[in-house]
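Each chain is listed here by its residues.
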Amino acid sequence: MSAKYIFVTGGVVSSLGKGLAAASIGCLLESRGLKVNLMKFDPYLNVDPGTMSPFQHGEVFVTDDGAETDLDLGHYERFTHAKLSRDNNWTTGRIYEQIITKERRGDYLGKTVQVIPHVTNEIKAAMKKVAQDVDVCIVEIGGTVGDIESLPFMEAIRQMRQELGREHTLFMHVTLVPFIAAAQELKTKPTQHSVKELLSIGIQPDILLCRTDRFLAKDIKSKIALFCNVAEEAVITAKDVASIYEVPVVFSREGVDTLVLKYLHLEAQDRDLKDWEEIVHRVYNPKAEVNIGIVGKYVEYEDSYKSLKEALVHGALAHNLKLNLNWIEAEGLETGGATNEEQLEGYDGILVPGGFGKRGIEGMLIAIRYAREKKVPYFGICLGMQTACVEFARNVCGLTEANSSEFDPATPHRVIYKLRELRGVEELGGTMRLGAWTCKIEPNTLAHRIYGQLEISERHRHRYEFNREYESTLVAGGLRISGSTPDGTYVEMVELPDHPHFIGCQFHPEFKSKPLEPHPLFKSFVGAAYEHGLKRRAEKAASEVEMFHRPEKVGKR
Ligand code: GLN
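Conventions we followed
Residues numbered from 1 in each chain as written. Predicted model: local features only at pLDDT ≥ 70, side-chain atom pairs only at ≥ 80, totals over all residues. Heavy atoms only, no water. Helix = DSSP H or I, 4+ residues; strand = E, 2+ residues; numbered from the N terminus. Rg over C-alpha atoms; globule rule 2.2 N^0.38 Å. Buried < 20%, exposed > 50% of the residue type's maximum accessible area, 1.4 Å probe, protein only. Contact = heavy atoms within 4.5 Å. Areas by Shrake-Rupley, 256 points an atom, 1.4 Å probe, with all protein chains shown as cover. Lys, Arg positive; Asp, Glu negative; His and termini not counted. Charge placed at Lys NZ, Arg CZ, Asp CG, Glu CD. Axes fitted to C-alpha atoms, helices over the stretch in contact; angles between N-to-C directions. Left-handed = near helix turned anticlockwise from the far one by under 90°. Nonpolar A, V, L, I, M, F, W, Y, C, P; charged D, E, K, R; others polar. Core = buried A, V, L, I, M, F, W, Y, C linked by side-chain atoms within 4.5 Å. Pairing = 2+ DSSP bridges. 1 Å grid on protein atoms, 1.4 Å probe; cavity = no way out; pocket = protein on both sides within 12 Å on 5 of 7 lines; lining within 4 Å. Points joined across faces, edges and corners; volume = space filled by probe spheres on them. Expected span 1.5 Å × (residues − 1). Near = heavy atom within 4 Å. Polar contact = N/O pair within 3.5 Å; in protein donor to acceptor, adjacent residues only side chain to side chain. Sits in = over half its atoms within 2 Å of the grid points. Phe/Tyr/Trp six-rings, centres within 6.5 Å; stacked < 30°, edge-to-face > 60°. Lys NZ or Arg CZ within 6 Å of the ring centre and 35° of its normal. Salt bridge = Lys/Arg side-chain N within 4 Å of Asp/Glu carboxyl O.

K.L.:
So what's going on with the overall build of the chain? Residues and values would help.
P.N.:
For the chain, the helix and strand inventory stands at 18 helices and 23 strands. Taken over the C-alpha trace, the chain has a radius of gyration of 26 Å; the compact-globule value for 557 residues is 24 Å, and the two agree within 12%. Principal axes of the C-alpha set define a box for the chain whose edges measure 85 × 65 × 45 Å. Split into buried and exposed, the 557 residues of the chain put 55% on the buried side. In the chain, 73% of the contacts between residues at least 6 apart in sequence involve partners at least 24 apart. In the form shown here, the chain has an accessible surface area of approximately 24,000 Å², with 51% of it arising from carbon and sulfur atoms. For the chain, the distance from the average position of its 68 positive side-chain charges to the average position of its 78 negative side-chain charges is 2 Å.

Laid out in structure tokens, this is it:
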């Protein structure tokens with residue numbers, strides 16, 4: 001059986017949550033027993049987002065096969081069981097790179113190479129590749145209708161409808177229906193214009209997902225249906241929700257999956273969304289709260305740490321907790337003194353996430369020292385593991401000038417240095433240690449207790465590594481290396497046995513955490529943080545009682 005396609009486009013403005021909408025539709029179709037795959041086309045010219053600034057692009061999501069991809073792929077993996085690879089994310093740059101390679105090889109046999117048909121054929125071939133062996137392939141087109149750079153992708157999906165017919169293709173358009181305060185009215189005109197724009201390139205949407213802050217009344221839906229040429233049942237309220245995990249549930253209430261099955265002539269079982277409803281129930285009924293402080297350098301732009309934030313939410317949900325996330329700008333800690341203590345006090349757990357470059361490093365070291373000395377649960381991810389090793393070398397082993405050669409190439413103690421396999425590699429694109437690698441865990445370590453197994457596979461994205469020449473010094477000081485590559489080349493995990501919960505990993509576990517399958521490292525860290533918070537508050541309360549009684553005692557003396 002050949003796959004059916006759902007094409008998701010966006011209109012009016014960006015950031016309407018097309019990726020989440022696509023992921024949620026995938027989730028709903030899986031709840032009906034269908035097999036899905038998802039992919040995204042990004043119309044920009046970079047070959048991949050790997051070399052783009054986190055401020056420009058947000059997080060770079062890494063797949064098992066080491067592709068550096070758009071963060072929407074993270075949503076796809078969190079909401080479905082689809083196994084994603086570099087085939088699931090294409091940019092204009094990568095499509096052209098492929099075409100130009102073919103042209104130089106002479107593959108086009110002297111023909112003029114053109115956007116239509118060569119670029120559009122390449123786009124269609126990429127879709128057909130990921131649609132093998134699934135019932136439904138959901139294809140998200142990045143950008144907003146009307147953008148010049150997305151035109152070849154729009155043309156490709158138009159041709160797919162022409163080729164495969166209505167029963168095999170469905171156009172879903174995500175649009176905005178704003179409430180205008182001055183008029184006290186929901187406005188449908190932006191949606192009408194957006195659909196008009198789509199029609200002008202030959203695409204008639206079948207379903208409109210209308211982002212709005214309130215439910216669309218029947219009269220609004222019929223107005224949109226009339227002017228946009230869609231059935232009234234196909235005008236869907238995509239209302240803002242407090243938790244992204246509610247989106248599949250909200251869509252199911254609007255009957256989106258039923259509509260998709262009807263339009264695509266698909267047979268499927270009844271919907272089973274119990275697991276997701278349970279997650280939503282937990283989101284709104286936490287038993288207590290936990291306060292986590294993230295000390296990083298792109299903190300004013302939360303999209304840079306999308307998967308990290310979600311993985312912490314999953315860890316909290318696993319304990320029925322509400323997560324209070326506090327983003328601490330690492331540079332701000334560098335001013336020193338008592339203010340640091342004040343800034344760091346009050347967190348139940350401290351986390352230093354991944355990052356690149358020198359800015360903020362000294363602030364991270366201050367936060368790590370605080371966590372280590374005050375026995376606050378610490379979790380260091382990638383850069384957070386490397387900085388934990390530098391901090392330990394400096395403040396416990398007395399190597400006061402220890403550093404990573406990334407931040408100080410002239411340091412006398414390169415505790416972290418460039419990956420040996422990357423020496424001499426100057427090109428930036430796709431040259432890091434990327435993707436899934438096996439890690440062997442040492443028995444009877446915290447890592448072992450957390451994972452409950454001795455061999456794991458996690459995803460990487462780094463250019464520097466722990467320098468084994470310093471292993472004996474740091475181990476003598478009390479650091480434990482609890483995970484390494486099976487051949488012993490790379491250090492993958494470190495921990496401090498004399499601390500309640502201090503762990504660092506060279507990989508990015510956040511990429512593999514899902515709401516229904518919280519990652520063990522996040523579950524364990526959030527659990528330890530919660531316990532620490534309880535203890536800390538109990539001690540504080542006890543010392544306040546003591547303070548209250550002390551003047552009396554003093555008076556009697
Ligand atoms: N900058 C460090 C490295 O390249 C850490 C990378 C990261 O945190 N992803 O090794």
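K.L.:
Outline the packing of helix α4 (residues 92-105) against helix α5 (residues 115-130), listing residues and values.
P.N.:
Interhelical geometry of α4 versus α5 gives an angle of 115° and a closest axis separation of 10 Å. Crossing handedness for the pair α4 and α5: right-handed. On α5, the residues that touch Ile95, Tyr96, Gln98, Ile99 and Lys102 of α4 are Val115, His118, Val119, Glu122 and Ile123. Of the residues that constitute the contact of α4 with α5, the class distribution is six nonpolar, two polar and two charged.

K.L.:
Give a description of the nonpolar core that names residues and reports values.
P.N.:
Ile6, Leu29, Met172, Ile207, Phe251 and Val260 are the most contacted members of the largest nonpolar core, which totals 47 residues. When residues in this core are grouped by element, the largest group, eight residues, is from helix α1 (residues 18-30). Listed in part, the 39 residues of the second largest apolar core include Leu344, Ala367, Phe392 and Tyr470.

K.L.:
So what about the sheet that holds strand β11 (residues 235-239)? Which residues, and what values?
P.N.:
An order of β5-β2-β6-β1-β7-β10-β11 is seen for the seven strands of this open sheet, with the pairing classed as parallel. What marks the edges here is a single partner per strand, and that holds for β5 (89-91) and β11. Each strand axis lies, on average, 20° off the axis of its neighbour in the sheet, ignoring direction. Judged from the six bridges that link them, strand β2 (residues 36-42) and strand β6 (residues 136-141) form a sheet pairing that is parallel. Looking at the pairing, Asn37 lines up with Cys137 of β6. Across the sheet, α1 lies against β1 (4-10), β2, β6, β7 (169-176) and β10 (207-212), angled at about 175° from β6, the strand it touches most.

K.L.:
Just give me the short version of the layout of surface pockets, but keep the residues and values in it.
P.N.:
Considering only enclosed or pocket space, the second largest pocket measures out at about 500 Å³ in volume. Along the walls of the second largest pocket sit 25 residues, with Pro54, Val60, Tyr298, Phe356 and Arg461 positioned nearest its centre. When grouped by side-chain class, the residues that make up the lining of the second largest pocket number 13 nonpolar, seven polar and five charged.

K.L.:
Break down helix α14 (residues 361-374) for me, citing the residues and quoting the values.
P.N.:
Under the 1.5 Å per step criterion, the end-to-end length of α14 is 20 Å for 14 residues, consistent within 8% with the ideal 20 Å. Within the span of α14, buried status applies to Ile361, Gly363, Met364, Leu365, Ala367, Ile368, Tyr370, Ala371 and Arg372. Of the residues flanking the end of α14, it is Lys375, one or two places downstream, whose phi is positive at about 60°.

K.L.:
Outline unusual backbone geometry, listing residues and values.
P.N.:
The peptide bond linking Ile116 to Pro117 adopts the cis configuration, its omega dihedral lying at 15°. With respect to the helices and strands, Pro117 occurs in helix α5. Phi is positive for Asn320, which is not a glycine, with a value near 60°. Residue position: Asn320 is located in the loop between α12 (306-318) and β13 (321-329).

K.L.:
Describe in detail the site of the ligand, supporting the description with residues and values.
P.N.:
Taken together, Gly354, Gly355, Phe356, Cys382, Leu383, Gln386, Glu406, Arg461, His462, Arg463, Tyr464 and His508 are the residues near the ligand. A distance of 2.9 Å separates an oxygen atom of the ligand from a polar atom in the backbone of Arg463. Tyr464 is positioned with one of its backbone polar atoms (N or O) 2.8 Å from an oxygen atom of the ligand. Comparing atom positions with the cavity grids shows the ligand to sit within the largest cavity. Broken down by secondary-structure element, the contributors of at least two residues to the shell around the ligand are α15 (383-395) and β19 (455-462). Here the shell around the ligand is composed, by residue class, of four nonpolar, five polar and three charged.

K.L.:
Can you break down the packing of aromatic side chains residue by residue, with the values?
P.N.:
By the definition in use, this model includes eleven aromatic pairs. Seen from their ring centres, Phe61 and Phe511 are 5.1 Å apart, and the 75° between their planes marks the pair as edge-to-face. Pair noted here: Phe61 is in strand β3 (residues 61-62) and Phe511 is in the loop between β23 (502-505) and α18 (520-556), with a separation of 450 residues, a long-range link. Through pairs of rings, three or more aromatic residues link up here, namely Tyr5, Phe7 and Phe171. Directly above the aromatic system of Trp437 lies the positively charged group of Arg433, at a separation of 4.5 Å from the ring centroid.

K.L.:
Could you give an account of empty space enclosed by the protein, naming the residues involved and the relevant values?
P.N.:
Per the stated rule, a full pass over the model turns up one cavity of 30 Å³ or more. What the largest cavity holds in volume is close to 70 Å³. Broken down by secondary-structure element, the contributors of at least two residues to the lining of the largest cavity are α15 and β19. The residue inventory of the lining of the largest cavity, partitioned by class, reads four nonpolar, three polar and three charged.

K.L.:
Hey, could you go over the environment of Gly19 for me, with residue numbers and the actual values?
P.N.:
Within the secondary structure layout, Gly19 lies in helix α1. Here the alpha-carbon distance between Gly19 and Lys40, two residues 21 residues apart in the chain, equals 8.5 Å. Non-local contacts of Gly19, meaning those with residues more than four positions away in its chain, are made with Asp72, His75, Tyr76 and Glu140.

K.L.:
An account of the side chain of Glu310 is requested, with residue identities and associated values reported.
P.N.:
Looking at the element boundaries, Glu310 is found in helix α12. Among buried Asp, Glu, Lys and Arg side chains, Glu310 stands out as unpaired, with Lys309 the closest opposite charge at 4.5 Å. If we ignore the near neighbours within four places in the chain, the residues touching Glu310 are Arg78, Ile244 and Tyr245.

K.L.:
Tell me about the pattern of salt bridges, residues and numbers included.
P.N.:
In the structure shown here, the tally under the stated rule is 39 salt bridges. Arg161 serves as the salt-bridge partner of Asp206, at 2.9 Å between the closest nitrogen and oxygen. Of the two residues, Asp206 sits in the loop between α7 (189-200) and β10 while Arg161 sits in helix α6 (residues 151-164), which places them 45 residues apart along the sequence. Its relative accessible area of 12% is what places Asp206 among the buried residues. Across the salt bridge formed by Arg536 and Asp348, the nearest N and O atoms sit 2.7 Å from each other. Note that Arg536 is positioned in helix α18 and Asp348 in the loop between α13 (338-344) and β14 (349-352), a separation of 188 residues in sequence. For Arg536, a relative accessible area of 23% corresponds to the partly exposed category.

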